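Descriptive analysis of the structure
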Amino acid sequence: MTWIVNAWYVAAWDYEVDRAPLARTICGVPIMLYRKLDRGVVAMRDACPHRLLPLSMGLKEGDSIRCKYHGLKLAADGTAEEMPIKTDRVNRAICAETYAVHERHRFVWIWIGDKAKADPALIPDLWPCSTRGWSFDGGYYPIKCDYRLVIDNLMDLTHETYVHATTIGQSELMETPIQTEVIGQEVFVRRWIPDIDPPPFWRDALGAEGRVDRWQICQFIAPSAVIIDVGVAPIAAGATIEKHDQGVRGFVIDVMTPESETSSHYFWGMARNFAVDDAGFTARFKAQQGGVFLEDVAILEAQQRSLASNADLKLRAFNIDEGGTRVRRMIERLGAAARVSD
Amino acid sequence: MTWIVNAWYVAAWDYEVDRAPLARTICGVPIMLYRKLDRGVVAMRDACPHRLLPLSMGLKEGDSIRCKYHGLKLAADGTAEEMPIKTDRVNRAICAETYAVHERHRFVWIWIGDKAKADPALIPDLWPCSTRGWSFDGGYYPIKCDYRLVIDNLMDLTHETYVHATTIGQSELMETPIQTEVIGQEVFVRRWIPDIDPPPFWRDALGAEGRVDRWQICQFIAPSAVIIDVGVAPIAAGATIEKHDQGVRGFVIDVMTPESETSSHYFWGMARNFAVDDAGFTARFKAQQGGVFLEDVAILEAQQRSLASNADLKLRAFNIDEGGTRVRRMIERLGAAARVSD
Amino acid sequence: MTWIVNAWYVAAWDYEVDRAPLARTICGVPIMLYRKLDRGVVAMRDACPHRLLPLSMGLKEGDSIRCKYHGLKLAADGTAEEMPIKTDRVNRAICAETYAVHERHRFVWIWIGDKAKADPALIPDLWPCSTRGWSFDGGYYPIKCDYRLVIDNLMDLTHETYVHATTIGQSELMETPIQTEVIGQEVFVRRWIPDIDPPPFWRDALGAEGRVDRWQICQFIAPSAVIIDVGVAPIAAGATIEKHDQGVRGFVIDVMTPESETSSHYFWGMARNFAVDDAGFTARFKAQQGGVFLEDVAILEAQQRSLASNADLKLRAFNIDEGGTRVRRMIERLGAAARVSD
């Protein structure tokens, strides 16, 4: 397994899950997700305990699901409620596995590992996605690569110059030195660019002329999120690399969930503390960001194919990969810990 | 192997095989079928004994087949008749394997196992398909699942309520208790519903008003047929579960042939002893039945995929699966016996 | 490995390689080919030594290639010239493997094995492709079969009667006995047909009436070329099987390069010493030859699939396969020798 087993992963955007079942394989396990009448989310193994037909092909009846094959009816907790022959005595031992789920920061989180350890306090703190005064929206891409390749990509933004040459590439930014730090289960890669003329996007966001301090801080949060703190503040405002709410600020949000060893779910978006009520800005930005991330998808899927066809070669880490390298080391350590304690 | 090796399987409908070769993989073996000038059927390994090009790509010459690659000509018994160079001495040791075939009950049967044991008397007795006073027609579907999943499906008709909800589903029937019995190499699952108002289809077939007795008897015949005896008789006629030719009667005919461990050939149809000369009825029924069985194909192929993606889970048998369970036990026993005697 | 490791293989036609990278897998190794400003050809492992993105997705800068992912810039010899951060010190140990290439006879040849042994003198002598007084052109097909199946095909022209029945099939030719000979790393299959009326194609080529001597000489040249010497000469001219430049002469050129164990690159064409300046003839002949070879592609890919689905059967060699059999024995011997000396 290339992922940490005992951890919360994003199963879906809040808006993807509704009354009708959604089928999605998470960490190698086929899962069905749906909402109950009280809007609570159910995550159940997507295989009928009778003959394994995907339950997501079934029929919702209230909060229960009835298998499309022989009509076995399961309650939201996975236990049998009605046998195929309605008059047969219900065997309470018949049960589809359910998984701990929790809705937070606009995402539905799932815990595939040991359910007893599924403490919601362990959910990665994506506060910009759910804090008053901030706006957050984004999209979803399936991607045919190891989720760690996406993390590598995000923890080293030098790729923007080439992968996104015609969209957001900005090579001048890359010349600013980075500073890498590990804190607990997080890895930071920070760039602080003091006293510059802001690029058009940020000048518009700030709504003011004049020189600014600018930052770009990639933050990995185990098991598999990368949020990138970006923004500018007028130089007179006294922003620092530690504290910089004086200007305009956004977070590029990226959460990756393993589907298999070589495929993933990629949830992405943008949280911002400016123009928060401007729905047009939100829609335009999401469309643009979606286009930029498709450029990454093309590169990452080609990289995955190349890993397979060049099995004798190894990935190599340069200075720029320090963030990604530390992330991989952390994942191994946390994965190992999980295995030891299991 | 999940199938009984020494047994007759349906290779094709009689109408599928003609002078031009038909390629079909049976029990894992690529086979070519064609008819000789006397209409007898030839079943030959679909690989030229020279360079293995499929013989089914070749040219028929009388009852012989000439390979499309170098022109090796083989007689209907598989032996070489002419070398690529016409003047070369024919090497009689060059030979494509041929298989025992027998045409009966509208099907072409093939024996892939030990040819010496291929006794036509062992062909499953599908008498309604070939008895005067009965009419029989049907179709063919390739299906990407283990042939045993199709048998499971047919030996337990409770699935009709859900899989065929909008076509032939009739949940009231399912509440009648079933009786399961093993007799020799056959398994029976019987339902007898006495003294009811007939549904429209059967009332029309009977051509009379009044209450009826109704039956539904699934009969598995090794190695891989399920025929379902269905019909109604006026209550006064004295029909019994053992003997019920007093009214109108039909047999749903289902014969499954393994292609591989996870794919099969599904031959299906309907034999009936009423309206036997009504070609319109035959055509309409075949169209409807084909539609209903496509609903099964969708479910069964989803089930097969789910078996692969949920490899840690096992199929579970409920009461309703008693027939299917006994069939699987019989297949294992007969398969084992075949292996022991080989 | 089914191929000789230490040998020259055709990577591409000369016209296929230009300034933009061409990706092609040769003997199992992903390779990128491009031309330098001096038109010399570079063959480099198609994986960036940093994160393995195919270099063929990259950007050419002069004779160097810059990876599309993080911008690592490699010189034509594969060594790093510039790090992703332009100001970082270049680590000279970073290097993509390059391969010996040589352009000769209109092809780009590559040596995937031990580079120290890559002596251009070992390139197969396809002299008709590069000799004054001769004209040469042809095409390329990817083909999903073991390269040895193509060689078998070409070393035994009896297949023309059946595979090319409607195009170039000429069964009368096949009745002439063949003579097979091994000389060094070459295998010859010769047909000499004395004193016949020339077929229309050759009569037109000769531009004269009267009876001719005709020949057809298949010549395998290790590791993987087959050139077929064909033509006619007036009987009075004194042509012999050893020396026959008295009339009109052509060479069917076929060079196969393994991609994997079950797929190949097929380079084909025609060299001729008549109508050498007739561009219309060249174009028409190439179109016709391309059509004929597509008939072979269909047969050979069907044969490869049949080899997989009939894994219990073996290829069999008849008299007509003597040439192919000797080739296979030679490949094994040379392959073994290569392995011993490695």
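For the structure, see preceding data.
Here the structure is a predicted model, which means the values were calculated and not measured. (Residues numbered from 1 in each chain as written. Chains lettered and ligands numbered in written order. Predicted model: local features only at pLDDT ≥ 70, side-chain atom pairs only at ≥ 80, totals over all residues. Heavy atoms only, no water.)

Within chain A one finds six helices and 17 strands. Here chain A has a C-alpha radius of gyration of 22 Å; the compact-globule value for 342 residues is 20 Å, and the two agree. In terms of its C-alpha atoms, chain A occupies a principal-axis envelope of roughly 75 × 50 × 35 Å. Taken over 342 residues, chain A has a buried fraction of 58%. Taking all contacts inside chain A whose residues are at least 6 apart in sequence as the whole, residues at least 24 apart take part in 56%. When the accessible surface of chain A is split by element, carbon and sulfur atoms take 53% of a total near 13700 Å². If you average the places of the 39 positive and of the 46 negative side-chain charges in chain A, the two averages end up 6 Å apart. (Helix = DSSP H or I, 4+ residues; strand = E, 2+ residues; numbered from the N terminus. Rg over C-alpha atoms; globule rule 2.2 N^0.38 Å. Buried < 20%, exposed > 50% of the residue type's maximum accessible area, 1.4 Å probe, protein only. Contact = heavy atoms within 4.5 Å. Areas by Shrake-Rupley, 256 points an atom, 1.4 Å probe, with all protein chains shown as cover. Lys, Arg positive; Asp, Glu negative; His and termini not counted. Charge placed at Lys NZ, Arg CZ, Asp CG, Glu CD.)

Quick look at the interface of chain B and chain A now. On the chain A side, the residues contacting the 29 residues of chain B number 27 residues. Carbon and sulfur atoms supply 59% of the area that chain B and chain A bury against each other, a total of about 2400 Å² over both sides. The largest per-residue losses of area from chain B upon contact with chain A belong to B:Tyr162, B:Arg316 and B:Phe318, which jointly make up 33% of the total buried on that side. At the boundary of chain B with chain A, the tally comes to two salt bridges. The salt bridge involving A:Arg51 is made with B:Asp152; its shortest N-O contact spans 2.7 Å. Counting residues per element, the ones that place at least two in the side of chain B that touches chain A are helix 1 (147–155), helix 2 (160–163) and helix 5 (279–309) of chain B. In terms of residue count, the dominant contributor to the side of chain B that touches chain A is helix 5 of chain B (eight residues). A class-by-class count of the residues in the side of chain B that touches chain A yields 14 nonpolar, eight polar and seven charged. (Buried area = accessible area lost by both parts, 1.4 Å probe. Salt bridge = Lys/Arg side-chain N within 4 Å of Asp/Glu carboxyl O. Nonpolar A, V, L, I, M, F, W, Y, C, P; charged D, E, K, R; others polar.)

Attention now goes to the interface of chain A and chain C. Contact with chain A, which involves 28 residues of that partner, is made by 27 residues of chain C. Of all residues in chain A, the largest losses of buried area upon contact with chain C belong to A:Tyr162, A:Arg316 and A:Phe318, amounting jointly to 33% of the total for that side. Summed over the shared surface of chain A and chain C, the number is twelve residue pairs in polar contact (both at pLDDT 80 or more). Only helix 1 (147–155), helix 2 (159–163) and helix 5 (279–309) of chain A provide two or more residues apiece to the side of chain A that touches chain C. Residue contributions to the side of chain A that touches chain C peak at seven residues, all from helix 5 of chain A. (Polar contact = N/O pair within 3.5 Å; in protein donor to acceptor, adjacent residues only side chain to side chain.)

All names here are of chain A. Evaluated as defined, the whole model comprises 60 salt bridges over all chains. Here Asp245 ties to Arg249 by a salt bridge, and the two come within 2.9 Å at their closest N and O atoms. Among the charged side chains, a salt-bridge network with shared partners connects Glu61, Arg66, Lys73, Glu81 and Glu82.

The next point concerns the sheet that holds strand 4 (residues 41–45) of chain C. Residue and element names in this part refer to chain C. The three strands are arranged 2-3-4 in an open sheet whose pairing can be described as antiparallel. Both edges of this open sheet fall to strand 2 (22–26) and strand 4, since each of them pairs with a single strand only. When strand polarity is set aside, the average angle formed by the axes of neighbouring strands in this sheet is 30 degrees. With five bridges connecting them, strand 3 (residues 29–35) and strand 4 associate as antiparallel partners. From the neighbouring strand, Tyr34 faces strand 4, where its bridge partner is Val42. (Pairing = 2+ DSSP bridges. Axes fitted to C-alpha atoms, helices over the stretch in contact; angles between N-to-C directions.)

A few words on the relation of the copies chain B and chain A. Superposition of chain B onto chain A requires a rotation of 120 degrees combined with a translation of 0.1 Å along the rotation axis, giving an RMSD of 0.0 Å. The transformation relating the two chain copies, once decomposed into turn and shift, fits a three-fold axis. Within chain B, the C-alpha atom positioned nearest to the axis of rotation is that of B:Ala308, 13 Å from it. (Least-squares fit on C-alpha atoms with pLDDT ≥ 70 in both.)

Below, the discussion takes up helix 1 of chain A. For helix 1 of chain A, the buried fraction is high: nine of the nine residues fall into the buried class. When helix 1 of chain A is considered as a whole, its buried residues turn out to be A:Tyr147, A:Arg148, A:Leu149, A:Val150, A:Ile151, A:Asp152, A:Asn153, A:Leu154 and A:Met155.

Moving on, we come to the packing of helix 1 (residues 147–155) of chain C against helix 5 (residues 279–309) of chain C. All names here are of chain C. Orientation of helix 1 relative to helix 5, taken along the N-to-C sense of each, is 125 degrees, at an axis distance of 10 Å. Considering the angle they form, helix 1 stands oblique to helix 5. The element helix 1 and its partner helix 5 pack so that their crossing is right-handed. Where helix 1 approaches helix 5, its residues Leu149, Val150 and Asn153 are matched on the opposing element by Asp296, Leu300, Gln303, Gln304 and Leu307. Class assignment of the residues belonging to the contact of helix 1 with helix 5 gives a composition of four nonpolar, three polar and one charged. (Parallel < 35°, antiparallel > 145°, perpendicular 65-115°, else oblique. Left-handed = near helix turned anticlockwise from the far one by under 90°.)

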